[in-house]
Amino acid sequence: MSEQARTSGVTVRHEPGESRWAAYDGPELAGVAVYELADDPARVVFTHTVVRDGFEGRGVGSALARAALDELRAAGERRVEPQCPFIAGWIGKHPDYADLVV
């Protein structure tokens, strides 16, 4: 998987040691999409997405969702269980990502 993707004015990086994708505006952390690896090794469970105060409404959550799902799709190894309401809702609005859902 790529280490970072530039989207919506923020840089999104996969930080596997922290079990998250993180969005940065320069050096400042703007938000995260946190996940767990399920017992089924082919499944990523998104547990929550948080966008920090001051970054809401700027597309940070969408950038996180798109970057994470694009990276997972490109790797082709895992499917997604969106327990996080934001990720689930984002996939619902972008049905071209529904094939990734367990």
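Structure shown above.
Residues numbered from 1 in each chain as written. Predicted model: local features only at pLDDT ≥ 70, side-chain atom pairs only at ≥ 80, totals over all residues. Heavy atoms only, no water.

Time to look at the packing of aromatic side chains. For the coordinates displayed, the defined rule picks out four aromatic pairs. Ring geometry for Y35 against F46: centres 6.3 Å apart, planes inclined by 65°, an arrangement best described as edge-to-face. Separated by eleven residues along the polypeptide, Y35 in strand 4 (residues 28-37) and F46 in strand 5 (residues 43-51) bring together distant segments of the chain. The exposure class of F46 is buried, given its relative accessible area of 0%. (Phe/Tyr/Trp six-rings, centres within 6.5 Å; stacked < 30°, edge-to-face > 60°. Helix = DSSP H or I, 4+ residues; strand = E, 2+ residues; numbered from the N terminus. Buried < 20%, exposed > 50% of the residue type's maximum accessible area, 1.4 Å probe, protein only.)

The next point concerns the environment of E71. Mapping E71 onto the fold places it in helix 1 (residues 60-75). When its relative accessible area of 8% is taken as the criterion, E71 is described as buried. One polar contact links E71 to W21, side chain to side chain, over a distance of 3.3 Å. (Polar contact = N/O pair within 3.5 Å; in protein donor to acceptor, adjacent residues only side chain to side chain.)

This part is about the packing of helix 1 against helix 2 (residues 85-93). Contact pair helix 1 / helix 2: the axes reach a minimum separation of 10 Å and the direction vectors enclose 75°. The angle between the axes of helix 1 and helix 2 places the two elements in the roughly perpendicular class. Of helix 2, the residues touching helix 1 (which contributes G61, S62, A65, R66 and L69) are F86, I87, W90 and I91. Here the residues of the contact of helix 1 with helix 2 are counted per class, giving six nonpolar, two polar and one charged. (Axes fitted to C-alpha atoms, helices over the stretch in contact; angles between N-to-C directions. Parallel < 35°, antiparallel > 145°, perpendicular 65-115°, else oblique. Contact = heavy atoms within 4.5 Å. Nonpolar A, V, L, I, M, F, W, Y, C, P; charged D, E, K, R; others polar.)

Attention now moves to the environment of S62. Looking at the element boundaries, S62 is found in helix 1. Using a relative accessible area of 31% as the deciding quantity, one classes S62 as partly exposed. Along the backbone, S62 and I87 are 25 residues apart, and their C-alpha atoms lie at a distance of 8.6 Å. Within the local environment of S62, its side chain forms a polar contact with the side chain of W90, the two groups lying 3.3 Å apart.

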